[in-house]
Amino acid sequence: MLTPTQATGLTLPKPQQATINGLMTAKPLSTLLAEEAAAKQASFNRASEANNAPLITSLAGHIRHIWSIAKQAKEPTVERDMLAAVRARRGEYSPEKLARIKEQGGSDIYMMIFATKARQFKALLVDVLIGDGTDKPWTIAPTPNPELPQEEVQKLLMALQERVAQAEMAMQPMSVDDIAQMMRDAKDTLTRREMDAARREAERAERMIEDDMVQGGFMEALDQFIDDLTVFKTAFIKGPIVRMENALKWVPGPDGTSSPTPVRQQKLVWERVDPLMMYPAPWARTVNDAPLIERHRLSRADLGAMIGVDGYSEDAIRAVLDAHGSGGLHEWLNVDVERTTAESRESDAASQSDLIDALQFWGSVSGKMLREWGLTEEEVTDEATEYEVEAWLIGGWVVKAVLNPDPLLRRPYYADGFSRIPGAFWNNSLYDVVRDHEDMCNAAARALSSNLGISSGPQVVVNIDRVAAGEDITELYPWKIHQVTSDPMGGAAPPITFFQPSSNVSELMTVFERFSQLADEVSGIPKYMAGLSGGEGGAGRTASGMSMMVTAAGKQIKNSLSSIDIHVLGPAVERAYQWKLQYDQTAKLRGDLNVRARGALSLVAKETANVRLNEFLAATGNPIDMQIIGMGGRAELLRHAVRRLDINTDKVVPSETEMKAQVMAQQQMAMQQQAMMQQQQGQPQQPQGGGNVSGQELMDGAPVVDNFSPTPSP
């Protein structure tokens, strides 16, 4: 098996300090510098020896080969289209198109149809998936048919056997149907009890996963993912990733006070992945079925933070830092320069960037290739088996090479696009859908701008042969006196004539509005979905008609939300839950829980859930229904209502344990009152006539006197 030690070489030994009688020996500065240089050279030599091993050399060559293929496949079309979308979001033409426009003397006006659609689309998705932060777009629920514990099943069977035996001993044997019914009833009771336990476990797991994802930046990554979804062909989220990060912990001191102390600790994080940094193999359909390379741009601090993390070679990282110097190890690509231009940033070459390019490779490698790379038969038992490998390549150094630790060999990437293309890795972006319509709107706007300028005033025709010497024909103002000469040919034509060019504003505006409307139709994001004008005509003139139009237009949003649920939210949360099961021994979670992404459902649920809940609370607030649902059921309804108000539920509605205690207290009080009434009814009657009723007192301690019964005559 390809372990980090086998793949990346030895680890530097920990430095030892010589002492004499418990005292540290002093060394000259020259000796310390020489020892440090010798240790650094030894580390470099070990890294070079490990990196030149047949296994690592072949692995580096394989990664370079895949990198070259993936880069050549992405550059001509995918990168060009995505860079055009980046420019369109900023309202800029490509340098080539802008040069042609300037050459023709046209206006460079840009109408930003796509940018507006992108903002509208993001606003709609954020409202559903993120909202105000009080509700999650996912949940964890128990399976519909939970697995019953074998211990409980055995206890159930033993209890049934005892009841059957007791019935036979009492000479009242049970029939087969009676026994079967008893077993069904007992199983139903056990299933309900397990479902209740599973729901409690699901709520506990949901809180734990939510805490990890909030602390790890999942919502921030989701927000950036939605941004990318509106611009790029495919957007990506990555996680959970184990990172070493700085954190503050309150450490108690000797005087009893605590002080914040910076510590280094492992943390699960989620992050957005730049689509321009992802390079799949040309035959890839998903992020898991073909070689995939993510290009990283690391600073020296980022690279140094990898030292000490499991799976990374300290010697190789130190060798890279030594070889890097300040010039950088770069994979120079044309997309870097074009991207900085599209984003109006200074290029890396101009700013002398010291970033280091690293290639993170994910790929399936055959056992035969691993054998050729130097692994033994014990490590690779079958040459036909595929082994999923993760490796990091910087320049010629492999700083990490391990087998994929995921039990199902999945990669920590989740991808989706605006308009998915079945069987394709790169999908159609929102820009791809509306690009032609935006081009037509921009062309109409440029022509409209030019036509407005030309037709804004009269055009002047001057016969320069009849203009007096020194006359400025380019200056025109009211009440100007024009000096002219007579026509030497004796013609009667005036020396200066005026004519008004025709205005094509109406025709050009019709073209613009028509293609703007077509952009609404093909994108499925009409203006009125974002609260803008555009639905006034036809059915949009009435409230019910507008409601139907919004419902119909919302189907595109629901389709996008369903796709995000299936390909991003569901797998990401499930991966976090399974990571918790696999590596967090303190969690002690159940393994039969289901992750449910509910982004598309919440679009409908948010509109009606509050109204329906209030209606149900009002409908069941009567004595008959209360006898059916009980105090516990009513409390559960109130808990759901309070959660939607973003209020601490525990401070408003008692917990289930407290409710049970209250019910038991009420039952005990009722039993005591009933016992007192029975005791009072069982006492002998007081003899007729006035006087104290024996054994009875009022609440204030006064005797009970019967003054109403007739007094017998003496």
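Residues numbered from 1 in each chain as written. Predicted model: local features only at pLDDT ≥ 70, side-chain atom pairs only at ≥ 80, totals over all residues. Heavy atoms only, no water.

**Some words on the overall build of the chain**
And step 1. A count of helical and extended segments in the chain gives 19 helices and 16 strands.
And step 2. With 714 residues in all, the chain has 37% of them scored as buried.
And step 3. Sequence-distant contacts in the chain: of pairs separated by 6 or more residues, those separated by 24 or more amount to 71%.
And step 4. For the chain, the exposed surface amounts to about 41,800 Å²; the carbon and sulfur share of it is 55%. (Helix = DSSP H or I, 4+ residues; strand = E, 2+ residues; numbered from the N terminus. Buried < 20%, exposed > 50% of the residue type's maximum accessible area, 1.4 Å probe, protein only. Contact = heavy atoms within 4.5 Å. Areas by Shrake-Rupley, 256 points an atom, 1.4 Å probe, with all protein chains shown as cover.)

**Observations concerning the layout of surface pockets**
And step 1. By volume, the second largest pocket is sized at about 1,300 Å³.
And step 2. Along the walls of the second largest pocket sit 44 residues, with Ile241, Val242, Arg243, Tyr312 and Lys400 positioned nearest its centre.
And step 3. Elements with a minimum of two residues in the lining of the second largest pocket: strand E4 (235-252), strand E5 (258-273), strand E7 (292-298), strand E8 (356-366), strand E9 (386-394), strand E10 (397-403) and helix H16 (543-583).
And step 4. Top element by residues in the lining of the second largest pocket is E4. It accounts for 7 residues.
And step 5. Considered class by class, the residues forming the lining of the second largest pocket number 21 nonpolar, 7 polar and 16 charged. (1 Å grid on protein atoms, 1.4 Å probe; cavity = no way out; pocket = protein on both sides within 12 Å on 5 of 7 lines; lining within 4 Å. Points joined across faces, edges and corners; volume = space filled by probe spheres on them. Nonpolar A, V, L, I, M, F, W, Y, C, P; charged D, E, K, R; others polar.)

**Observations regarding helix H11 (residues 334-342)**
And step 1. Inspection of H11 places Val335, Asp336, Arg339, Thr340 and Ala342 among the buried residues, and these make up the whole buried set. Along H11, the residues classed as buried sweep out an arc of 160° about the axis, all on the same side. (Arc of directions from axis to C-beta.)

**Quick look at the side chain of Asn427**
And step 1. Within the secondary structure layout, Asn427 lies in the loop between strand E11 (413-416) and helix H14 (430-455).
And step 2. For Asn427, a relative accessible area of 2% puts it in the buried group.
And step 3. A polar contact of 3.2 Å, which involves the side chain of Asn427, links it to the side chain of Thr234.
And step 4. There is a polar contact of 3.0 Å between the side chain of Asn427 and the backbone nitrogen of Ile421.
And step 5. Asn427 has contacts with Lys233, Thr234, Asp416, Gly417, Ser419, Arg420, Ile421 and Asp432, leaving out every residue within four places of it along the chain. (Polar contact = N/O pair within 3.5 Å; in protein donor to acceptor, adjacent residues only side chain to side chain.)

**Thoughts on the confidence of the model for the chain**
And step 1. For the chain, the average pLDDT comes to 77, and 76% of its residues sit at 70 or higher.
And step 2. For residues 686-691, every residue scores under 50 in pLDDT, and the model assigns this stretch 15 contacts once sequence neighbours within four places are set aside. (pLDDT = per-residue confidence, 0-100.)

**Considerations on the pairing of E9**
And step 1. For E9, the buried fraction is high: 8 of the 9 residues fall into the buried class.
And step 2. In terms of strand pairing, E8 meets E9 through 8 bridges, oriented antiparallel. Bridge pairing in E9 links Phe361 to Ala391.
And step 3. Once E9 ends, the chain turns through 2 residues before running back antiparallel as E10, passing Gly395 with a positive phi of about 60°. (Pairing = 2+ DSSP bridges.)

**A closer look at the sheet that holds E10**
And step 1. Ordered in space as E6-E7-E8-E9-E10, the 5 strands form an open sheet in which the pairing is antiparallel. In this open sheet, the two strands that pair with only one neighbour each are strand E6 (278-280) and E10. Here the average twist between neighbouring strands, direction ignored, is 20°.
And step 2. Both E7 and E8 contribute to a ladder of 7 bridges, which runs antiparallel. Its bridge partner being in E8, Arg297 is matched across the sheet by Asp357. (Axes fitted to C-alpha atoms, helices over the stretch in contact; angles between N-to-C directions.)

**Notes on the nonpolar core**
And step 1. Ranked by internal contacts, the top residues of the largest apolar core, which has 90 residues, are Leu222 and Phe225.
And step 2. Per-element accounting of this core gives the leading share, 12 residues, to helix H3 (residues 54-90).
And step 3. Excluding residues within four positions of it along the chain, Leu222 makes contact with Leu129, Ile130, Ile237 and Leu569.
And step 4. Listed in part, the 16 residues of the second largest apolar core include Ala316, Ala319, Ile356 and Trp392. (Core = buried A, V, L, I, M, F, W, Y, C linked by side-chain atoms within 4.5 Å.)

**Structural notes on the packing of aromatic side chains**
And step 1. The tally for this structure, following the rule as stated, stands at 11 aromatic pairs.
And step 2. Ring plane angle 70° and centroid distance 5.3 Å describe the contact between Phe114 and Tyr431, whose orientation is recorded as edge-to-face. Residue Phe114 is located in helix H5 (residues 113-129), and its partner Tyr431 is located in helix H14; the two are separated by 317 residues in the primary sequence.
And step 3. Here Phe114 falls in the buried class, since its relative accessible area comes to 0%. (Phe/Tyr/Trp six-rings, centres within 6.5 Å; stacked < 30°, edge-to-face > 60°.)

**Here's the deal with the sheet that holds E4**
And step 1. Pairing is antiparallel across the open sheet formed by 3 strands, whose spatial order is E5-E4-E11. Edge positions in the sheet fall to E5 and E11, since each has one partner strand and no second. Neighbour-to-neighbour, the strand axes of this sheet turn through a mean angle of 25°, independent of strand direction.
And step 2. Pairing of E4 with E5, which is carried by 15 bridges, proceeds in the antiparallel orientation.

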